[in-house]
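Inside the fold
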Amino acid sequence: MLEPEVETCHWAEQLALDDESYRDQLVYLLERSSFYREKLAAAGVASAEEAGALTEIARLPLTEKEELKATCTPDNPIGAHLCALPSEIVRIYSTSGTTGAPSYIPLTAGDLDKWVTASARSYAASGIVAGQRIVTTYNAGPFVAGAALEAFDRIGLCHIPVGTGNTERLLQAVEALRPEAAVLTPSYAAHLVESAAERGFDLRGSSVERVLVAGEPGGGEPAFRAKLEEGWGARVTEAMGIGDIGPSLWGECEAQDGMHLGARGFVHAELIDPETGTALELDDGATGELVLTHLRHRAAPLLRFRTRDHVRVRTSACPCGRTGPRVRCLGRTDDMLIVRGVNVFPSAVREVVSAFAPDVSGHILVKPRTRGVKQEPPLPVSVELARGANAGDDLAEAIRDRLRNVLVVQTRVELVPWGSLRRSEYKSRLVDVEGP
Ligand SMILES: [Zn+2]
């Protein structure tokens, strides 16, 4: 454990510390952020005292990404939530917005240090220790992942960056430099299992003992994870963050039962119902959208920020000794489809289908017939067969039945030959709209 006295601190004690930080953060926000002054005033909150305690945070309005973007002007391209003076800002990342201009994420030196600390705790939870070698595959570029990479120095690892999409270079590095760990997206980890097999490379017998996955949901789903662990002959744990709040806020430990909050003390986590925005208790087994609040941020702190990550909460004691709730990401609410009132995550479909290995390859594509979240059943799903498999109609039927039983969704399963669904060296697209 990187900081045992912090990471094992009794959770009630943590919340008491967080309450103090939160009250200070509100004073700071009301003083420096025109965005939050206006937003809180509109909600009838004119001072930090009126906002009250951290336990009352659900009374305050949620922050949406689009609201922040709407305040950007040529004079203030960062947005009205910017609190720091230009001279205080030491770095500006941008998010990988799919459309339009990127949004900028400024950091003070203190913010950056907290990001690196949180990421280091999150990644160290996997069990990697100082002196080991780690090969990384992020093309961090303008993105916040760059700060996560600094975490490997903080842990004391020997960092071997190879970048994304260079499988040959990665396998050569694994063979020649014998790293104990690798960091990559779950999609790329799965892709490498296949690529290594095609090249006759013995990934299972390689030096890699730990595979740390991050960047997209799915790395925690049991059948998908089992496939990765089998292919790599390594233990798979995941980490998760969100650009606007911090790069690797959560990290899973060796117990592999959900991610601990590495950013404890810096970030407060809540759960809401994504449809209504109502706050939900962080009870064991609860599911909902994760909402995060900066507690000790300076450049552009966010209050009750909607992450669009749909998670399940675990509150049982963890054998590793870290305290506090853990989460498992079920999917992005942006990817979620609603089929006759039932929420369906494409990554959950992949998880159910993956259990049909060795008949299937594990690659799927959900093909909604119309645009938009709401879909009429049956939902078309293409399922790729494993290499050399030629299964009949009864396999499609069995998959369809399992999807109906597990996810309560009616599907139309189409089996497609090995190699016909696109592989990804970064993040997978599990949904493709074919209709209007
Ligand atoms: Zn643990």
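Predicted, not measured: the structure shown is a model, and the values here were computed from it.

**Remarks on the overall build of the chain**
Looking only at helices and strands, the chain features 12 helices and 20 strands. Taking 22 Å as the expected radius of gyration for a compact globule of 436 residues, we find that the chain reaches 22 Å, a close match to that expectation. The principal-axis extent of the C-alpha atoms belonging to the chain is close to 65 × 55 × 45 Å. Residues classed as buried in the chain amount to 55% of the 436 residues present. For the chain, the share of sequence-separated contacts (at least 6 apart) that also reach a separation of at least 24 residues comes to 68%. Charged side chains of the chain number 47 positive and 60 negative; the gap between the two group centres comes to 3 Å.

**Examining the environment of Y188**
You can see Y188 is positioned in helix α9 (residues 186-199). When the C-alpha atoms of Y188 and R23 are compared, they prove to be 42 Å apart, with 165 residues separating the residues in sequence. Residue contacts for Y188: discarding those within four places in its chain leaves T137, G165, N166, T167, L170, S424, E425 and Y426.

**Some details on the pairing of strand β3 (residues 133-136)**
Sheet topology note: the β3/strand β4 (residues 158-161) ladder contains 4 bridges and is parallel. Across the sheet, the residue bridging to R133 is C158, located in β4. In terms of handedness, the path from β3 via helix α7 (residues 145-155) over to β4 forms a crossover that is right-handed. For β3 and strand β5 (residues 181-184), the ladder comprises 3 bridges, and the chain directions are parallel. Counted as the bridge partner of I134 is A181 from β5.

**Focus: helix α8 (residues 167-177)**
By the burial criterion, the buried members of α8 are T167, L170, L171, A173 and V174. Taken around the axis of α8, the buried residues stretch over an arc of 155 degrees, which confines them to a single face. Of the residues in α8, the exposed ones pointing more than 90 degrees away from the buried face are E175 and A176. Looking at the buried side of α8, the elements it contacts are β3 and α9. Of the residues flanking the end of α8, it is R178, one or two places downstream, whose phi is positive at about 50 degrees.

**Considering the side chain of K39**
Among the secondary structure elements, K39 is positioned in helix α3 (residues 34-42). Apart from the residues within four sequence positions on either side, K39 is in contact with P61, L62, T63 and E67.

**Quick look at the coordination of the zinc ion**
For the zinc ion, every protein donor is listed as C253 (SG), H260 (NE2), C318 (SG) and C320 (SG), and the spread of their distances is 2.1 to 2.3 Å. Its 4 donor atoms give the zinc ion angles of 101 to 116 degrees at the centre, a pattern that matches the tetrahedral case. In primary-sequence terms, the residues that donate to the zinc ion follow C-x6-H-x57-C-x1-C. Taking relative accessible area as the criterion, C318 reaches 9% and is therefore assigned buried.

**Let's talk about the sheet that holds strand β17 (residues 360-366)**
Strand order in the open sheet formed by 3 strands is β17-β19-β20, and the pairing between neighbours is mixed. Each of the sheet's edge strands pairs with one partner strand only, and the pair in question is β17 and β20 (411-416). Each neighbouring strand pair of the sheet contributes to a mean axis angle of 25 degrees, computed without reference to strand direction. In this sheet, strand β19 (residues 379-385) lies alongside β17 in antiparallel orientation, the contact comprising 4 bridges. Paired with V360 across the strands is L385, a residue of β19. Packed onto the sheet, helix α11 (residues 346-354) meets β17 and β19 and runs at close to 150 degrees relative to β17.

Calculation criteria
Residues numbered from 1 in each chain as written. Predicted model: local features only at pLDDT ≥ 70, side-chain atom pairs only at ≥ 80, totals over all residues. Heavy atoms only, no water. Helix = DSSP H or I, 4+ residues; strand = E, 2+ residues; numbered from the N terminus. Rg over C-alpha atoms; globule rule 2.2 N^0.38 Å. Buried < 20%, exposed > 50% of the residue type's maximum accessible area, 1.4 Å probe, protein only. Contact = heavy atoms within 4.5 Å. Lys, Arg positive; Asp, Glu negative; His and termini not counted. Charge placed at Lys NZ, Arg CZ, Asp CG, Glu CD. Pairing = 2+ DSSP bridges. Right-handed = clockwise from strand over helix to strand, strands pointing away. Arc of directions from axis to C-beta. Donors = N, O, S within 2.8 Å, 3.2 Å for Na, K, Ca; no water. Tetrahedral: all angles 85-135°; square planar, octahedral: opposite > 155°, others 65-115°. Axes fitted to C-alpha atoms, helices over the stretch in contact; angles between N-to-C directions.

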